[in-house]
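# Survey of secondary and tertiary structure
One letter stands for each residue in the lines below.
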Amino acid sequence: MAKKSDYFGLPYIVSVICAIIPFTAWIFGAITRFSEGKIIAGIIRLIGLGFILWLIDLIMMIVSKHILRLLNI
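Throughout what follows, the structure given in this document is the object of discussion. Source: prediction; values computed, not measured.

Taken as a whole, this structure holds 2 salt bridges when the rule is applied. Here Glu36 and Arg33 are joined by a salt bridge, their closest N and O atoms 2.7 Å apart. Owing to a relative accessible area of 31%, Glu36 belongs among the partly exposed residues under this scheme. Judged by relative accessible area, which is 1%, Arg33 ranks as buried. With its nearest N and O atoms 2.6 Å apart, the salt bridge here joins Arg45 to Asp57. You can see Arg45 sitting in helix α3 (residues 39-47) and its partner Asp57 sitting in helix α4 (residues 50-64), a full 12 residues away along the chain. Judged by relative accessible area, Arg45 falls into the buried class, the value being 7%.

And the structure:
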C-alpha cells in the first residue's frame, strides 16, 4: 500500500506532483489548513507569500511528506 501524505491523504507521489504545480500547491495548502481548523493560517496561504510558501512546501513535501506548519492558529 502506498504511503499517505499531507494533501487529503493522497498517495505520496500524487502529493509531490501536486506540490510541484504552484497553483495546486497554493490551493491544496490552503484547503488543508482550513480543514485542520487553522483559519488564520489558511487565509495567509491564500493572500500572501505565495511563491515563498510554494518553494518551502515543495521541499518539505519531498523531505518529510508534510507541508509547512508555521502558524498553529
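The end-to-end C-alpha distance of helix α2 (residues 22-35), which contains 14 residues, comes to 20 Å, matching closely the 20 Å that a straight helix rising 1.5 Å per residue would cover. Among the residues of α2, those classed as buried are Ala25, Gly29, Ala30, Thr32 and Arg33. The buried residues of α2 occupy an angular sector of 160 degrees when projected down its axis, which confines them to one face. Along α2, exposed side chains directed more than 90 degrees from the buried face belong to Phe23 and Ser35. Positioned one or two residues after α2, Gly37 has a phi angle of 85 degrees, which is positive.

The exposure class assigned to Asp57 is buried, which follows from its relative accessible area of 2%. Non-local contacts of Asp57, meaning those with residues more than four positions away in its chain, are made with Arg45, Ile67 and Leu68.

Criteria and thresholds
Residues numbered from 1 in each chain as written. Predicted model: local features only at pLDDT ≥ 70, side-chain atom pairs only at ≥ 80, totals over all residues. Heavy atoms only, no water. Salt bridge = Lys/Arg side-chain N within 4 Å of Asp/Glu carboxyl O. Buried < 20%, exposed > 50% of the residue type's maximum accessible area, 1.4 Å probe, protein only. Helix = DSSP H or I, 4+ residues; strand = E, 2+ residues; numbered from the N terminus. Expected span 1.5 Å × (residues − 1). Arc of directions from axis to C-beta. Contact = heavy atoms within 4.5 Å.

Remember that the coordinates give geometry; whether it matters functionally is a separate question.
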